Structures are given as structure tokens and as C-alpha cells.
Amino acid sequence: MQYGKAFSVMARGGLPVLDDPLLNNYVIDLGQKLVANADSVRFPFNFFIIQNNDINAAAFFGGYIKIHTGLFLYADNESQLASVVAHEIAHVTQRHLARIMESQARNNPANMAALAGALLLTLVSPEAGLAALQTTLALNLQSNINFTRTHEFEADRLGIQTMQRSGFDTREMGNFFGKLAAKYRYVSTPPQMLLTHPLPDTRVTESRARAAQYKPRNVPPSLPFQLSKARIEVRYSNMSAEASHSFFSNQLKNKSYALKEAALYGQALALMEQQKYSQADVIIDQLLAADSRNLFYVDVKTDLDIYQKRHQQAVNRLQGFYKQQPKNQVVAINLINAAMEAGDYDLAHKVLSPFLREYPNHALAWSMAIKVYQARGQLGKAYHARAEYLALHGDFKKAISELQIAIAETDAKLERARLEAKVEQYKTSQASLDALRS
Ligand SMILES: [Zn+2]
């Protein structure tokens with residue numbers, strides 16, 4: 001768990017972790033649903049998205065699971081995405097990585113240095129480290145190759161069970177593997193996912209045979225999944241706004257979409273990126289008329305209001321949602337943003353304070369807090385917010401110097417004592433990170 005926590009801090013500092021409240025909400029909901037139906041869960045899981053078009057997902061010590069945007073782009077439906085996430089959850093509940101480390105310590109202590117080196121690299125540069133870890137394990141010892149293969153099959157077996165219990169279509173695991181295998185059969189450099197998760201044909205056949213043991217279940221397309229996929233296609237893939245606009249327009253013309261709402265949503269997002277606000281408004285209003293509580297639509301409408309200087313309308317709409325779901329990060333972040341744009345920093349502050357108590361590790365909220373405190377002339381608090389933001393990205397040294405300025409700016413004795421305690425806490429975090437590195 002200590003390695004995992006350090007990994008998440010280093011990942012935030014070194015990887016393009018997505019700070020998108022809608023997508024984070026979605027992936028946490030999906031992950032928690034699967035975790036609730038998995039066996040041997042010993043601690044809370046953390047799911048986060050990396051902006052990377054490679055098809056990949058990975059599990060790390062302590063239940064940290066990262067999912068690439070590329071996985072959303074490549075998956076046709078929610079069951080396919082769920083099959084990969086359920087597989088990663090099984091790697092954690094079965095302690096696969098930890099078991100490899102333990103067996104190395106017993107059988108091949110000489111190789112431990114290479115492994116420790118790979119782990120160190122994982123902390124500094126997660127992508128390179130994970131690759132080195134796999135290389136150390138896969139290339140040096142035949143027994144490890146068999147070991148990791150066994151782990152893959154075990155993760156598939158438990159993953160498909162978790163899928164079944166969570167109401168997904170178990171056939172989609174085999175479909176997804178089959179699609180991957182076919183795509184990369186004749187390619188010399190397979191995607192990362194196949195390097196870390198070898199995919200011999202037997203794995204495809206086995207997962208198909210396992211799915212056949214369950215009663216077939218036809219799962220209707222998931223609106224949150226299709227909306228998330230469309231959002232990633234427009235905002236976080238390599239497609240230009242023009243290209244994504246014609247991509248969704250063609251889907252609508254040929255009726256080749258999984259869900260019409262998602263194609264319309266994608267089209268509206270693309271129009272907004274092209275600054276065609278009134279055209280985007282028409283589509284979003286149509287979507288909202290049919291589904292007024294959908295936060296994907298409310299979020300776009302907020303942006304459209306802000307771009308067209310209708311700040312108060314955005315604030316009023318969001319306050320209605322905030323009264324009912326004050327802890328929802330999509331609602332709170334949008335309201336804080338709209339309030340700031342409207343110049344109402346008192347309102348932004350009123351929403352931000354309880355939110356930060358609820359989500360103390362929300363990097364985006366801390367970055368907003370810096371601006372809100374500056375605008376309100378609360379300089380000590382602004383420095384403190386900057387320190388929190390830096391610490392979340394693993395930069396404890398800079399965080400400590402920001403805190404020292406905050407302490408100098410603060411008159412209240414109690415507050416000063418709290419900040420001083422925080423300095424000590426960051427020193428400890430820095431020391432334990434250093435200890436893991438050496
Ligand atoms: Zn795996």
C-alpha cells in the first residue's frame with residue numbers, strides 16, 4: 001500500500017492524469033461496481049484515467065488502477081471496458097505483483113536488485129518502470145513467464161466471474177481479446193497492453209469457453225459509457241474538432257451509432273470546440289429536454305453559457321443541482337467555475353470549502369482554490385492551496401516552501417499551528433518517498 005500510494009503521487013507528477021470530473025466519476029462508478037462484486041477485496045481501490053491513446057490498463061500495489069483513454073476509444077461497449085477493469089481488479093485481489101516479489105525474495109534473491117531497480121524506476125517514471133518490471137520478470141526467468149501466464153488466466157477467470165455478478169455481458173471479454181489479437185497478429189510492435197498481458201490464442205478460446213458456461217445476457221448499450229467515449233473522442237484523442245464533427249455527423253447520417261444521444265453529444269462537443277456555440281446550444285437543449293438531469297449535458301450547457309456570457313443562467317441552473325447533490329464533483333466543480341466566471345468569488349468560496357474537506361486530494365479543486373483565495377485577498381490560504389496542489393504532484397520540497405510563506409502570511413494562531421503540522425507531514429512524506437527510492 002505504501003508503494004501504491006507513492007506510485008499515485010509520482011504518477012500525478014509524471015503522467016497525464018485526467019482531471020475531468022465527468023470521466024473520473026464514470027470510471028469510479030464502474031470500478032466500484034466491479035469491486036463490490038469481486039472476492040477478497042482487502043482495501044479501497046483507486047481508479048484513474050491517463051490521457052494516452054495506447055490501448056492499456058494496469059494495476060499496481062495497493063489497488064491503484066490506471067486506465068488509458070485509448071481503452072475507451074477501442075472498446076465497443078461497456079462490457080468490453082468492464083472485462084479489462086475486472087481483470088486488473090483480480091490482479092490486485094490475488095496479489096499477483098506482490099506474490100512475484102515474495103517468490104523472488106525466496107528463490108532468487110540475486111534478482112531482487114533488478115526488481116527493486118525496476119520498482120524504483122516505476123516510482124520515478126511509471127511507464128518505463130512498469131516496462132522494466134515486466135522485462136525483468138519475463139525475460140530473466142522461465143519460471144516467471146509461466147508464473148505471469150498463470151496470473152493472466154487467473155485474472156481472466158476471476159474477472160469474468162466479477163463481470164457476470166455485476167450484470168455485464170461475459171461474452172464481451174472474448175470478443176475484446178479476439179478483436180485485439182486479430183488487429184495485432186501481424187504487427188511487429190504490439191501495443192503495451194499485449195506486452196504486459198500476453199494474449200496467446202488459448203486465452204481467447206478459454207475466455208469464450210468460460211462465457212459459454214453462463215446464460216447469455218443481452219445488455220443494452222450504456223449511456224454513461226457511450227457519452228464518456230464520445231467525450232474522449234472529441235476532447236482527448238488526436239482528432240481535430242472538424243474531424244470529430246464529421247465523425248459524429250456521419251454516425252448520425254448512417255445511423256451507425258450505439259446510442260443516438262451519444263452521437264448528438266459528440267457532435268455538440270465538436271461544434272463547441274469550433275466555437276459554433278448557437279448550433280451546439282440547439283443540440284444540447286434538445287438532449288436536455290429529454291433528459292434534464294443528465295450531468296454530461298448540464299456540463300456542456302454550463303460551458304456554452306460561459307462562452308456566451310450567460311454566467312448567471314449557468315450559476316442558477318447549477319445551484320438547483322447543488323442543493324440536491326452537494327457532494328457530486330461534476331456539479332460542484334461546474335458551479336465553482338461558473339461562479340468564478342461570473343466574478344462571484346464569495347459563492348465560489350462557499351462551495352469550494354466543504355468540497356475540499358470532502359475531496360482533499362482533488363487536484364483540480366485545489367488549482368481553483370488558488371485563484372479564489374487570490375481574488376478574495378486571502379494570500380495565506382492561496383499559498384496553502386498551492387502547497388496542497390504541489391504535494392499532490394509529489395513536489396514536497398516546493399510545497400514546504402509555499403507553506404512557509406503561508407505561515408508568514410497567517411495571523412491566526414490555530415491556523416498557523418495547522419500549517420506547521422502540515423510542514424512536518426510533508427517532510428515525512430518526502431522522507432518515505434526517498435526511503436522507497438533507495
Ligand atoms: Zn493481466
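Everything quoted here is computed from the prediction, not taken from an experiment.

Engineer: Quick rundown of the packing of helix α4 (residues 78–93) against helix α9 (residues 171–184)? Include the residues and the values.
Structural biologist: Two elements in contact, α4 and α9, have axes whose closest approach is 8 Å; the angle formed by their N-to-C orientations is 85°. Between α4 and α9, the interaxial angle falls into the category roughly perpendicular. Here Ser 79, Gln 80, Ser 83 and Val 84 of α4 come into contact with α9, specifically with Glu 172, Met 173, Asn 175, Phe 176 and Lys 179. Grouping the constituent residues of the contact of α4 with α9 by class yields three nonpolar, four polar and two charged.

Engineer: An account of the pairing of strand β2 (residues 57–60) is needed here, citing residue identities and associated values.
Structural biologist: Neither face of β2 is left uncovered, since the one carrying Ala 57 and Ala 59 and the one carrying Ala 58 and Phe 60 both have all their residues buried. In this structure, the hairpin formed by β2 and strand β3 (residues 64–68) is closed by a connection of three residues, where Gly 62 is found at a positive phi of approximately 80°.

Engineer: Tell me what's going on with the UniProt feature "binding site: Zn(2+)" (unreviewed entry) in the protein chain, and back it up with residues and numbers.
Structural biologist: The sites that UniProt annotates as "binding site: Zn(2+)" (unreviewed entry) are His 87, His 91 and Glu 152. A maximum C-alpha distance of 8.2 Å places the annotated residues, which cover 66 residues in sequence, within one compact spot. On the secondary structure map, His 87 appears in helix α4. Its location among the elements puts His 91 in helix α4. Taking the relative accessible area as the measure of exposure, His 91 reaches 13% and is therefore buried. Among the polar contacts listed, one links the side chain of His 91 to the side chain of His 87, at a separation of 3.0 Å.

Engineer: Before we move on, could you go through the pattern of salt bridges and cite the residues and values that matter?
Structural biologist: Tallied over the entire structure, the rule returns 26 salt bridges. Between Glu 154 and Arg 157 there is a salt bridge; the shortest N-O distance is 4.0 Å. Here Glu 154 and its partner Arg 157 are both found in helix α8 (residues 142–165), three residues apart, which amounts to about one turn of the helix. Residue class for Arg 157 comes out partly exposed when judged on its relative accessible area of 39%. Linked by salt bridges that have partners in common, Asp 281, Asp 285, Lys 301, Asp 305, Arg 310 and Arg 317 make up one network.

Reading the values: the criteria
- Residues numbered from 1 in each chain as written.
- Predicted model: local features only at pLDDT ≥ 70, side-chain atom pairs only at ≥ 80, totals over all residues.
- Heavy atoms only, no water.
- Axes fitted to C-alpha atoms, helices over the stretch in contact; angles between N-to-C directions.
- Helix = DSSP H or I, 4+ residues; strand = E, 2+ residues; numbered from the N terminus.
- Parallel < 35°, antiparallel > 145°, perpendicular 65-115°, else oblique.
- Contact = heavy atoms within 4.5 Å.
- Nonpolar A, V, L, I, M, F, W, Y, C, P; charged D, E, K, R; others polar.
- Buried < 20%, exposed > 50% of the residue type's maximum accessible area, 1.4 Å probe, protein only.
- Pairing = 2+ DSSP bridges.
- UniProt positions renumbered as here; feature names shortened; annotations may be inferred.
- Polar contact = N/O pair within 3.5 Å; in protein donor to acceptor, adjacent residues only side chain to side chain.
- Salt bridge = Lys/Arg side-chain N within 4 Å of Asp/Glu carboxyl O.

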